[in-house]
Amino acid sequence: MCVGPVKRLCHWGPLAALGITKLVMYATISCCSMWWPPDSSIGGFVNMAVFLAGCMLIIYNFLSAIFEGPGFLPLKWAPENARDEVHLQYCKICEGFKAPRSHHCRRCGRCVLKMDHHCPWINNCVGHVNHGHFTAFLLFSVLTCVQSTVILSCSLYRAIHRAYYIYHGIEPIIHFSLIMLIVCVFALGLSFGVVLAVGMLLYFQIRAIARNRTGIEDWILEKAIHRRTENEPPFIYPYDLGWKDNCMQVFGSCFDPVGDGITWKVRDGCHQYTLTLEQRSQKQEKRLRTRAYSVVRGYSGRWLPLVHGWRVLTHPPFTDEPRIPLRVGETVLVTRWRRYWLFGERSPPTGKNDRGWFPRCCCVDMTVPPPEPLHLKKQL
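About the criteria used
Residues numbered from 1 in each chain as written. Predicted model: local features only at pLDDT ≥ 70, side-chain atom pairs only at ≥ 80, totals over all residues. Heavy atoms only, no water. Helix = DSSP H or I, 4+ residues; strand = E, 2+ residues; numbered from the N terminus. Expected span 1.5 Å × (residues − 1). Buried < 20%, exposed > 50% of the residue type's maximum accessible area, 1.4 Å probe, protein only. Contact = heavy atoms within 4.5 Å. Salt bridge = Lys/Arg side-chain N within 4 Å of Asp/Glu carboxyl O. Core = buried A, V, L, I, M, F, W, Y, C linked by side-chain atoms within 4.5 Å. Pairing = 2+ DSSP bridges. Axes fitted to C-alpha atoms, helices over the stretch in contact; angles between N-to-C directions. Phe/Tyr/Trp six-rings, centres within 6.5 Å; stacked < 30°, edge-to-face > 60°. Bend = angle between axes of the 7 residues up to and from the residue. Parallel < 35°, antiparallel > 145°, perpendicular 65-115°, else oblique. Left-handed = near helix turned anticlockwise from the far one by under 90°. Nonpolar A, V, L, I, M, F, W, Y, C, P; charged D, E, K, R; others polar.

## Observations concerning helix α2 (residues 42-68)
- The terminal C-alpha atoms of α2 lie 38 Å apart, and with 27 residues this matches the ideal 39 Å at 1.5 Å per residue to within 8%.
- Within the sequence span of α2, burial applies to G44, N47, M48, F51, G54, C55, I58, N61, F62, S64, A65 and I66.
- Residues of α2 that are buried sit in contact with α1 (12-35), β6 (124-126) and α3 (131-160).
- G69 occupies a position one or two residues after α2 and carries a positive phi of about 75 degrees.

This is the structure:
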């Protein structure tokens, strides 16, 4: 079954998302048929029809986001004008230049057009082609789960107070078996959790679309603002064209995004490589800040290192970036620092798992001289 395009579904993310959708859908339809039967009134029919339409739109946009994909930059891509190559970054894995707004995804193994992030729930990246479908999937998930939460809550309330409704002769009377009661309570928890968690993600996506920024570009822009002094001109983000044009670029007509994902319309005073040049400057500064660390304690590369202390265990970096296993005697070039974790690249590279996070207690800074022995201090 996990062959060809269907292979994208054979992952815990899509399977979990489809499982949650199916469970909430089943519980809501079962409760709705008792609480407000669709064949009893026009309101019941409309209520059921709206819920089923929302479920179909969730599944449609979910599958579209998975199978249409984000749009990948062709392998060994190069700009039409060879003189523009000096403005671009080079991807060693794809053996080509990175187009403006493109970034390499380690999980997909390709350079993604206008990459926002890699989403485990769709087992794919969110990028230029599928950003609209992904946002619609989030929107309909939230709206449908709001309706589901109301239906399940009202049904459970009537089932719990069934004796009261029987005594007063109020219809309908809802009967739940023990298993159905457990399923409905669990589905209500999932539905309410989706409203909160996915609703927050939807808010961030809508804000990003209105500003025409991806999650990666937000980080680049933040560093561009903070690294400039008061005497330098402020950095102008080139792709913010106003919220209407920004939304049109993502949703287009019938979720067909505007443009080819390589050439972009920019603001006055900017050009195609404004953001790319800024990113190159930031990477150059990062290389200048790089410090060499020597590994003095081995690390297995596990995400929950139980043997390196409770501080390391309880203060992990909140990112899906990889961890790298280390052996004593190796050298790591560190570019990011946290209180209990470091991010760097093994030197020399071995070709696999060379870049990622590792516990700070496993290494010592080679640029800092070791402390003098105690007996030498006494002599001085």
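Still to come is the rest of the account.
## Some details on the pattern of salt bridges
- All told, the structure shown has 11 salt bridges when counted by the stated rule.
- For E278, the salt bridge identified is with R227, shortest N-O distance 2.7 Å. In this pair, E278 is assigned in helix α8 (residues 274-289) and R227 in the loop between α6 (215-226) and α7 (243-251), connecting sequence segments 51 residues apart.
- On the basis of relative accessible area, E278 is assigned to the buried category, the value being 3%.
- R227 gets classed as partly exposed once you look at its relative accessible area, which sits at 28%.
- The closest approach of N and O atoms between R327 and E330, which form a salt bridge, is 3.8 Å.
- Among the residues examined, R327 registers a relative accessible area of 62% and is labelled exposed.
- Using a relative accessible area of 15% as the deciding quantity, one classes E330 as buried.

## Remarks on the nonpolar core
- In terms of nonpolar packing, the biggest core is built from 16 residues, with Y299, L326, V332, V334, W341, F358 and C363 touching the most fellow members.
- Those elements that place two or more of their residues in this core are β7 (291-295), β8 (331-337), β9 (341-347) and β10 (355-359).
- The element that contributes the greatest number of residues to this core is β9, accounting for 3 residues.
- Filtering out sequence-adjacent residues up to four positions away, W341 remains in contact with Y299, P305, V312, H315, P316, P317, R323, W357, F358, P359 and R360.

## Things to note about the sheet that holds strand β11 (residues 363-365)
- Taken in spatial order, the 5 strands line up as β10-β9-β8-β7-β11 in an open sheet, and their pairing is antiparallel. Because the sheet does not close on itself, it has two edges, and the strands there are β10 and β11. Pairs of neighbouring strands in the sheet enclose a mean axial angle of 45 degrees, with direction left out of account.

## A short note on the packing of aromatic side chains
- Using the criterion set out here, one finds 12 aromatic pairs in the structure.
- On the numbers, 5.3 Å between centres and 80 degrees between planes, the contact of Y90 with F97 is edge-to-face.
- Given the relative accessible area of 46%, Y90 is considered partly exposed.
- Ring centres 5.4 Å apart and planes at 85 degrees place the aromatic pair Y164 and Y165 in the edge-to-face group.
- Residue classification places Y164 among the partly exposed positions, given a relative accessible area of 47%.

## Quick word on the pairing of β9
- Most of β9 sits inside the fold, with 5 of its 7 residues counted as buried.
- With 6 bridges connecting them, β8 and β9 associate as antiparallel partners. Within β9, the residue paired with W337 across the bridge is L342.
- Where β8 folds back on β9, the antiparallel hairpin that results is connected by 3 residues.
- For β9 and β10, the ladder comprises 5 bridges, and the chain directions are antiparallel. Residue pairing across strands places F343 opposite W357, the latter belonging to β10.

## Structural notes on helix α5 (residues 178-211)
- Across its 34 residues, α5 extends 49 Å between first and last C-alpha, which sits within 8% of the 50 Å expected from 1.5 Å per residue.
- Of all the bends in α5, the greatest measures close to 25 degrees and is centred on V198.
- For α5, the full list of buried residues reads M180, C184, A187, S191, V194, L202, Q205, A208 and I209.
- On its buried face, α5 is in contact with α1, β5 (117-119), α3 and α7.

## Notes on the environment of A197
- With respect to the helices and strands, the residue A197 is situated in helix α5.
- Between the C-alpha atom of A197 and that of R211, which follows or precedes it by 14 residues, the distance is 22 Å.

## Quick look at the packing of α1 against α5
- In contact at an axis separation of 9 Å, α1 and α5 are set at 120 degrees when each is read in the N-to-C sense. On the basis of the axis angle, α1 is oblique to α5. In this structure, α1 meets α5 at a crossing whose hand is left-handed. Two secondary-structure elements touch here, α1 through I20, L23, V24, Y26, A27, S30 and C31 and α5 through M180, V183, C184, F186, A187, L190, S191 and V194.
- Looking at side-chain class alone, the contact of α1 with α5 contains 13 nonpolar, 2 polar and no charged residues.

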